[in-house]
Amino acid sequence: MKTPAWKDDFPISWPDDDLVTRREFTKSLVWVSCASFLANAALLGRAAVRGDGPLPQKNIGRADDLPIGGARVFHYPDETEPCVLVRLSEQEFVAFSQRCTHLGCPVLYQAKEQRLECPCHEGAFDARTGAVLYGPPPRPLGVIALETRGNELWAVGAKL
Amino acid sequence: MNGFSRRQQSQRMARLYAVMTCLLIVVVGQFVLLLVGVESFWRGQTQILLASTLASAVGLAGATWLVRYIIPGGTHEN
């Protein structure tokens, strides 16, 4: 029997081919569904672990060492979390996580505009509340709770 | 045609495409739930994260139930 012409153009041995059938593709969607659920469950587990126990209290320096309108970087609750302390007025101190909520770049305090600016994608946060003023950041900065004990400033908690 | 009539083959293909479409909708929905979960994780909103995880679990259960319709020799196989 003469070989059909199309077999000369497509000389593939079909039994040896490794095509994905529609049935196999449909079954693979179940694995994708399982992976999505596991990712969600991992986030929930991480959130549950993160919520355990109160944060430590840490002395972050003397209030007099920071001039009005000045800012200083410190780490809280551990060395992997950079934070920025800002002195807005004689008695007003605020502290926030220094990680921009967009993609994690360190934000810098601009005293003249009284805001924290992210140099990476031109986002800005209000220096009093940490709220987003403009730019791509989707959430406000994490707020660090401060206590003044005499002339010492203490970080006593965080809402990151 | 492999021992199946044309009518039976058409029914099998229709069932396969219906299951595939439903699974695609479930998977897309779970991706949206995952996005919601990530956002609520970063905001510290554990309750929303729990809800999205439970909804994703329902989606996975539904996907597992649906795939039984296309396993050879499984439920409703002619």
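My aim in this report is to walk through the structure given alongside it, one point at a time. All values reported here derive from a predicted model rather than from experimental measurement. (Residues numbered from 1 in each chain as written. Chains lettered and ligands numbered in written order. Predicted model: local features only at pLDDT ≥ 70, side-chain atom pairs only at ≥ 80, totals over all residues. Heavy atoms only, no water.)

### Thoughts on helix α2 (residues 22-50) of chain A
Thought 1: If you check α2(A), its first and last C-alpha atoms are 42 Å apart, about what 29 residues at 1.5 Å a residue would give, namely 42 Å.
Thought 2: When α2(A) is considered as a whole, its buried residues turn out to be A:Thr26, A:Leu29, A:Val30, A:Ser33, A:Ser36, A:Phe37, A:Asn40, A:Leu43 and A:Ala47.
Thought 3: For α2(A), the secondary structure elements touched by its buried residues are α1 (6-43) and α2 (46-67) of chain B. (Helix = DSSP H or I, 4+ residues; strand = E, 2+ residues; numbered from the N terminus. Expected span 1.5 Å × (residues − 1). Buried < 20%, exposed > 50% of the residue type's maximum accessible area, 1.4 Å probe, protein only. Contact = heavy atoms within 4.5 Å.)

### Topic: the pattern of salt bridges
Should the charged atoms of two oppositely charged side chains come close, the side chains can pair.
All names here are of chain A.
Thought 1: A complete count under the given rule lists 8 salt bridges over all chains for this structure.
Thought 2: For the salt bridge of Arg99 with Glu81, the shortest nitrogen-to-oxygen distance reads 3.4 Å. Taken together, the residues Arg99 in the loop between β4 (93-97) and β5 (108-110) and Glu81 in the loop between β2 (71-75) and β3 (82-87) connect sequence positions 18 residues apart.
Thought 3: Judged by relative accessible area, Arg99 falls into the partly exposed class, the value being 35%.
Thought 4: On the accessibility criterion, Glu81 (23% relative accessible area) is partly exposed. (Salt bridge = Lys/Arg side-chain N within 4 Å of Asp/Glu carboxyl O.)

### Observations concerning a nonpolar patch on the surface
All names here are of chain B.
Thought 1: Where nonpolar side chains cluster on the molecular surface, the patch consists of Val28, Val32, Val36 and Ile48 and spans about 310 Å² of accessible area.
Thought 2: Per-element tally for the nonpolar patch: the top contributor is α1, with 3 residues.
Thought 3: Val36 sits in the partly exposed class, given a relative accessible area of 36%. (Patch = residues over 30% accessible without salt bridge, like charges linked within 9 Å, V, L, I, M, F, W, Y side chains within 5 Å. Areas by Shrake-Rupley, 256 points an atom, 1.4 Å probe, with all protein chains shown as cover.)

### Notes on the sheet that holds strand β7 (residues 123-126) of chain A
Residues and elements named next belong to chain A.
Thought 1: Taken in spatial order, the 4 strands of this open sheet run β5-β6-β7-β8, and their pairing is antiparallel. Among the strands making up the open sheet, the edge pair consists of β5 and β8 (132-134). Going from strand to strand, the sheet's axes swing by 35° on average, the running direction of each strand aside.
Thought 2: Of the strand pairs in this sheet, strand β6 (residues 115-118) and β7 are connected by 4 bridges, and their pairing is antiparallel. For Leu116, the partnering residue across the bridge sits in β7 and is Phe125. (Pairing = 2+ DSSP bridges. Axes fitted to C-alpha atoms, helices over the stretch in contact; angles between N-to-C directions.)

### Here's the deal with α1(B)
Thought 1: Taking 1.5 Å as the rise per residue, α1(B) with 38 residues should run 56 Å; its terminal C-alpha atoms sit 56 Å apart, in good agreement.
Thought 2: Where α1(B) is buried, its residues contact α2 of chain A together with α2 of chain B.

### Section: the packing of aromatic side chains
Thought 1: Evaluation of the coordinates by the stated rule reveals 2 aromatic pairs over all chains.
Thought 2: Ring centres of B:Phe41 and B:Trp42 lie 5.6 Å apart, and the angle between their planes is 70°; this geometry places the pair in the edge-to-face category.
Thought 3: The exposure class assigned to B:Phe41 is buried, which follows from its relative accessible area of 6%.
Thought 4: Between B:Trp65 and B:Tyr69, the aromatic rings sit 5.3 Å apart at their centres with planes inclined by 80°, giving edge-to-face as the arrangement.
Thought 5: Given a relative accessible area of 45%, B:Trp65 falls into the partly exposed group.
Thought 6: A cation over a ring is seen here: A:Arg149 above A:Trp154, with NZ or CZ 4.6 Å from the ring centre. (Phe/Tyr/Trp six-rings, centres within 6.5 Å; stacked < 30°, edge-to-face > 60°. Lys NZ or Arg CZ within 6 Å of the ring centre and 35° of its normal.)

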